[in-house]
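The primary structure of each chain is shown beneath.
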Amino acid sequence: MTGASSKERHAPAEISVEDIARAVGGTVVGDAATRIRGIASLEDAGDGMISFYADRRYEECLSGTKASALLVREKTGLFAGPQVVVSNPQLAYARVSGLFASPVPRYGEGRDRAVVHESCRIGRDVSIYPFVYIGKDAVIGDGTILFPGTFVGDRVRIGAGTVIYPNVTILQDCRIGDHVVIHAGTVIGSDGFGFVRDGDELVKIPHLGRVRIDDHVEIGAGNCIDRAALGETWIKAGVKTDNLVHLAHNVVVGEGTLVVALTGISGSVRIGRRVVIGGQVGISDHVEIGDGVMIGSQSGIAKSLSPGEVVSGSPSMPHRLWLKTSGLIKRLPGFNDRLRRIEKKIQDIEKRLDRAGRE
Amino acid sequence: MTGASSKERHAPAEISVEDIARAVGGTVVGDAATRIRGIASLEDAGDGMISFYADRRYEECLSGTKASALLVREKTGLFAGPQVVVSNPQLAYARVSGLFASPVPRYGEGRDRAVVHESCRIGRDVSIYPFVYIGKDAVIGDGTILFPGTFVGDRVRIGAGTVIYPNVTILQDCRIGDHVVIHAGTVIGSDGFGFVRDGDELVKIPHLGRVRIDDHVEIGAGNCIDRAALGETWIKAGVKTDNLVHLAHNVVVGEGTLVVALTGISGSVRIGRRVVIGGQVGISDHVEIGDGVMIGSQSGIAKSLSPGEVVSGSPSMPHRLWLKTSGLIKRLPGFNDRLRRIEKKIQDIEKRLDRAGRE
Amino acid sequence: MTGASSKERHAPAEISVEDIARAVGGTVVGDAATRIRGIASLEDAGDGMISFYADRRYEECLSGTKASALLVREKTGLFAGPQVVVSNPQLAYARVSGLFASPVPRYGEGRDRAVVHESCRIGRDVSIYPFVYIGKDAVIGDGTILFPGTFVGDRVRIGAGTVIYPNVTILQDCRIGDHVVIHAGTVIGSDGFGFVRDGDELVKIPHLGRVRIDDHVEIGAGNCIDRAALGETWIKAGVKTDNLVHLAHNVVVGEGTLVVALTGISGSVRIGRRVVIGGQVGISDHVEIGDGVMIGSQSGIAKSLSPGEVVSGSPSMPHRLWLKTSGLIKRLPGFNDRLRRIEKKIQDIEKRLDRAGRE
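Predicted, not measured: the structure shown is a model, and the values here were computed from it. (Residues numbered from 1 in each chain as written. Chains lettered and ligands numbered in written order. Predicted model: local features only at pLDDT ≥ 70, side-chain atom pairs only at ≥ 80, totals over all residues. Heavy atoms only, no water.)

Colleague: Any chance you could explain the nonpolar core here in plain terms?
Modeller: A general tendency of soluble globular proteins is for nonpolar side chains to be buried together. Among the nonpolar cores identified, the biggest contains 195 residues, and Ile 283 of chain A, Ile 283 of chain B together with Ile 283 of chain C are the most heavily contacted of them. Leave out the neighbours within four places in its chain, and Ile 283 of chain B touches Gly 264, Ile 265, Ser 266, Val 269, Ile 271, Ile 277, Ile 289, Ile 295 and Ile 301 of chain B. (Core = buried A, V, L, I, M, F, W, Y, C linked by side-chain atoms within 4.5 Å. Buried < 20%, exposed > 50% of the residue type's maximum accessible area, 1.4 Å probe, protein only. Contact = heavy atoms within 4.5 Å.)

Colleague: Mind showing me how you'd approach the relation of the copies chain C and chain A here?
Modeller: In this structure, two copies of a chain are linked by a rotation about an axis accompanied by a shift along it. Note on the identical chains: chain C maps onto chain A by a rotation of 120° and an axial translation of 0.1 Å, with an RMSD of 0.1 Å. The symmetry that links the two subunits is that of a three-fold axis. (Least-squares fit on C-alpha atoms with pLDDT ≥ 70 in both.)

Colleague: So what exactly am I meant to see when it comes to the packing of helix α1 (residues 17-24) of chain C against helix α3 (residues 89-100) of chain C here?
Modeller: All names here are of chain C. Running from N to C, α1 and α3 point in directions that differ by 125°, and their axes come no closer than 9 Å. If you check the angle between α1 and α3, you find them oblique. Crossing angle aside, the handedness with which α1 passes α3 is right-handed. Contacts between α1 and α3 involve Ile 20, Ala 23 and Val 24 from the former and Ala 92, Arg 95, Val 96 and Leu 99 from the latter. Split into classes, the residues belonging to the contact of α1 with α3 amount to 6 nonpolar, no polar and 1 charged. (Axes fitted to C-alpha atoms, helices over the stretch in contact; angles between N-to-C directions. Helix = DSSP H or I, 4+ residues; strand = E, 2+ residues; numbered from the N terminus. Parallel < 35°, antiparallel > 145°, perpendicular 65-115°, else oblique. Left-handed = near helix turned anticlockwise from the far one by under 90°. Nonpolar A, V, L, I, M, F, W, Y, C, P; charged D, E, K, R; others polar.)

Colleague: Honestly, the interface of chain C and chain A in this entry has me stumped. Any pointers?
Modeller: The parts lose accessible area when they come together, and the size of an interface is often stated as this lost area. Across the boundary between the two partners, chain C contributes 73 residues, which contact 70 residues of chain A. Area buried by chain C at its contact with chain A is led by Phe 193, Arg 197 and Leu 230 of chain C, which between them contribute 12% of it. Across the contact surface, chain C and chain A share 6 salt bridges. Here Arg 95 of chain A ties to Asp 198 of chain C by a salt bridge, and the two come within 2.8 Å at their closest N and O atoms. Across the chain C-chain A interface, the total number found is 23 residue pairs in polar contact (both at pLDDT 80 or more). Elements represented by at least two residues in the side of chain C that touches chain A include exactly β8 (115-116), β20 (187-190), β21 (195-198), β22 (201-204), β25 (224-226), α4 (319-329) and α5 (332-358) of chain C. Take the side of chain C that touches chain A: its biggest share by element is 10 residues, from α5 of chain C. (Buried area = accessible area lost by both parts, 1.4 Å probe. Salt bridge = Lys/Arg side-chain N within 4 Å of Asp/Glu carboxyl O. Polar contact = N/O pair within 3.5 Å; in protein donor to acceptor, adjacent residues only side chain to side chain.)

Colleague: Teacher, can you tell me more about the pairing of strand β6 (residues 69-72) of chain C here?
Modeller: Regular strands have side chains that alternate between both faces of the sheet. Residues and elements named next belong to chain C. Of the two faces of β6, both are covered, the one formed by Ala 69 and Leu 71 as well as the one formed by Leu 70 and Val 72. Bridge count between strand β5 (residues 49-53) and β6: 4 bridges; the pairing is parallel. Each bridged residue has a counterpart across the sheet, and for Tyr 53 the counterpart in β6 is Val 72. In this fold, the crossover linking β5 to β6 by way of helix α2 (residues 59-64) has right-handed handedness. Bridge analysis of β6 against strand β7 (residues 83-85) gives 3 bridges, and the strand direction is parallel. Note on β7: the bridge partner recorded for Val 72 is Val 85. (Pairing = 2+ DSSP bridges. Right-handed = clockwise from strand over helix to strand, strands pointing away.)

Colleague: For this particular structure, what's the right way to read a negative patch on the surface?
Modeller: Residue and element names in this part refer to chain A. Side chains of Glu 43, Asp 44, Glu 59 and Glu 60 sit close together on the surface and give a patch of like negative charge. Mapped onto the secondary structure, Glu 60 falls in helix α2 (residues 59-64). Glu 60 gets classed as exposed once you look at its relative accessible area, which sits at 67%. (Patch = residues over 30% accessible without salt bridge, like charges linked within 9 Å, V, L, I, M, F, W, Y side chains within 5 Å. Areas by Shrake-Rupley, 256 points an atom, 1.4 Å probe, with all protein chains shown as cover. Lys, Arg positive; Asp, Glu negative; His and termini not counted. Charge placed at Lys NZ, Arg CZ, Asp CG, Glu CD.)

Colleague: When you look at the sheet that holds strand β20 (residues 187-190) of chain B in this model, what are you seeing that I'm missing?
Modeller: All names here are of chain B. One open sheet accounts for 10 strands, arranged β8-β11-β14-β17-β20-β25-β28-β31-β34-β37; its pairing is parallel. Lying at the two open borders of the sheet, with one neighbouring strand each, are β8 (115-116) and β37 (300-301). Bridge count for strand β25 (residues 224-226) against strand β28 (residues 246-247) is 2 bridges, and the pairing is parallel. In the strand pairing of β28, Cys 224 is matched with His 246.

Colleague: For this particular structure, what's the right way to read the interface of chain B and chain A?
Modeller: Across the contact, 70 residues belong to chain B and 73 residues belong to chain A. Interface of chain B and chain A: buried area, both sides summed, is about 5,500 Å²; carbon and sulfur atoms make up 66% of it. A salt bridge links Lys 204 of chain A to Glu 218 of chain B; the shortest N-O distance between them is 2.5 Å. Among the elements of the structure, α3 (89-100), β27 (240-241), β30 (258-259), α4 (319-329) and α5 (332-358) of chain B are those that each provide at least two residues to the side of chain B that touches chain A.

Colleague: What is the right way to read the pairing of β20 of chain C from this model?
Modeller: Residues and elements named next belong to chain C. In terms of strand pairing, strand β17 (residues 169-170) meets β20 through 2 bridges, oriented parallel. Within β20, the position partnered with Thr 169 by the bridge is Val 187. Both β20 and β25 contribute to a ladder of 3 bridges, which runs parallel. When the bridges of β25 are listed, Val 187 appears paired with Cys 224.

Take it as geometry only, folks, not as evidence of what the structure does.
So this is what it looks like as structure tokens:
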């Protein structure tokens, strides 16, 4: 009755070092025919596994590793087995991990435990796990996977090849693109936080807009992304968010931007392309953040930032200045002592001068 | 089998500018018979839509807007169509949005996919979506809507006209009032974080109390509100919380208070009426916050605050002082330079004085 | 059809003061035969209830309390009824609360509304509530309770006597120990936040590892704990986390450590035993935190900390220094004034000296 599809694709059992080199655009030094069946850190790798060495801090791990092959930036004499030389070992590691990753498990054809409104359009090879609810006139693209506990509201459109992990809520009218990943427990399309005081009453501003998430976006676990009051909250292609991120109503996040965990972005903030926002950052409403800006963790951003600015602190300042000031804050007790000593000395000097004047 | 109720109320297809003026207590300048079928920003509004103009920063949008009518504070010559003049355009915008908002969609009579314990008392016109679980002796008031994935624990009481969005957890014995909104993924009634060390062991303090949420409260998405150790964690009437807010055990929040996203309020904190708490604020346990206090975002509140105080910073200080000090922090490197220069000059002066004394 | 098990254990209706004294290792002063049927604060306690008095701030509540008995550190003359004298009244309170706490409610034998893959191994007396999904080859230990909306991925192993509250997501391959509590809405095993830029593309680092949670751990509501890229994210025995905590990939948290709400711990951070981490703290990646460290709320930890350090602030510093500096920050406007006065005086002095020199 229940059970994952038998059509499931599996991770390869074994591939050669040569195949790995081809996959990452590297060159082999040593025995290219060596068979590899997994990837692990230098410490954890066992026989038949490939590891990677990109950071000199881990040099001492090289002699003791049991890995059968290595991804390296340049050939090292400290490892006897075959080495794959690549310009960017971290990127190569990501790609090789991809070779050994299991595909996201699919659910079979049965939808007897899900509730799918009859007016929906569901693509081919869509996995709808038990306890999924799909409302009226929703559209789900080919190959998309909806895990248990997913709620898909009326008229929601989800693209192809997208994965929605368990207990995700996508409310009415939202648009999710192709090849999007939404991690567990995330909420898309909750009402924005907008109230107007009218005497003793707080009048709610109804949120008539929606959330639009473009292709290749990945949203972390436990995020809350509010719908627009009017128009769209818009997460553009390739954006990646970490866990427990809050994106308020009408926020726009540009292509390829990264947002680290526990960051809150207030209403109507516009963020450019390829911005990097650290963890626990707060951004005030209506602020504009230019392309390529970098914001240090725990910063508070109350004013707009020009493209390429690098800032830290709350309130934020240029990162270089913050490095100086944050060091000096610890010296404030010393400053206080110095001020007191100086004031005392000036009194003494003034007395000496007064005495000298009188003499 | 499945499907939303046919009794669903719909948003009006079209209303006249005159009707809008009546709804918001405004006066019409221009053609009061103009038909309106929606509301949008000046930029997005098309033919047949009303927009609003309250902030001079948007004056340049007035000439280009395609809106058919406008909500304004005072008649503007920059817009040719009918205008509704109101004293508070933002409030009017909220009320007009309400006219065009679709009602929360209801689920039909069938409860075949939900689990409702036979000992429950369920009111009239209650919508219980699939995959809702309602425990023993729970009480649900008339017209309340429970979306999929909602868990309602034993003996929970929920009032009338309340909306519980998907994947919300309300644990045993909690009380939810009338016309409350709880957004998706929120947890009400988790155990408070209380442990007592006994040698190597951390002994859990059992939480025997509950959470009480009064009428007209709106709780954002992804909130966690812990039950009291003994007695009640109490969210009073009209409180509104944003997303990802943490309210610890035995917290009391007064009427009409606003709490912005990612704020954490520790155990036994008592907050007054009409307080405004910014985003990412932390409040230490047992602190008392007086009525009407305003707390800037990212503040850290370690001490009680008197009614009407306006504070910012971590540790917090009066907001005006914080504005000064936060500007001066950036000047710490300059302070350091000035101190060094002063110390050098004093040395020079002392030498000159010593020389003069010897002469 | 549905309903909690009739085998349910109930909290005792009434016990004697003598039994309570025995349970907490205390001695009775007064009538040891007095029957007690609950515990409450001094203010809320009614007839037949025991309360506790450990903090002089509550002395004034003693005269008015209606409690029938008291847990005290030393006998007080301000209360007429029987008193149980114990060395640690807070610990005694926790233990007595445990006597009156209702057990976590169990669900009967029927699993008709849950989906349990036939390849699973389910222990004895396991409660599987409706709308639970358990994937292939999962293992659930004796007496464990899975509340509605719980997702248990393929090959997950959960120990004995563990409670998983509603709407929790535990993804594939994770390991949960015995007597663990996971509060509602928490996500275990989401992918870590790892991407490598390759020109315009952000290449995802697949996360092939898992999360391991050892015995007697309690995880708060709305937590997100990411799986390791390779190897394990490891929460060791007796760790307790508050609500909305983020633990990134490959984090290791040592035995008996406490993490307060809204704290974010970045990738590969290693935390020692019996550490206390306040609320809204951020810890940068790869940092090591020694045993017994204490970190004040809202701190930012960018560098490793030695065992026993007590720190606060962002960036962090020794807590005693932070107490000084955070007080001095408020005096920065005064510092600025003093610097200006000093500079003026030095100018005056130099002029006097120049004049004196010329004379």
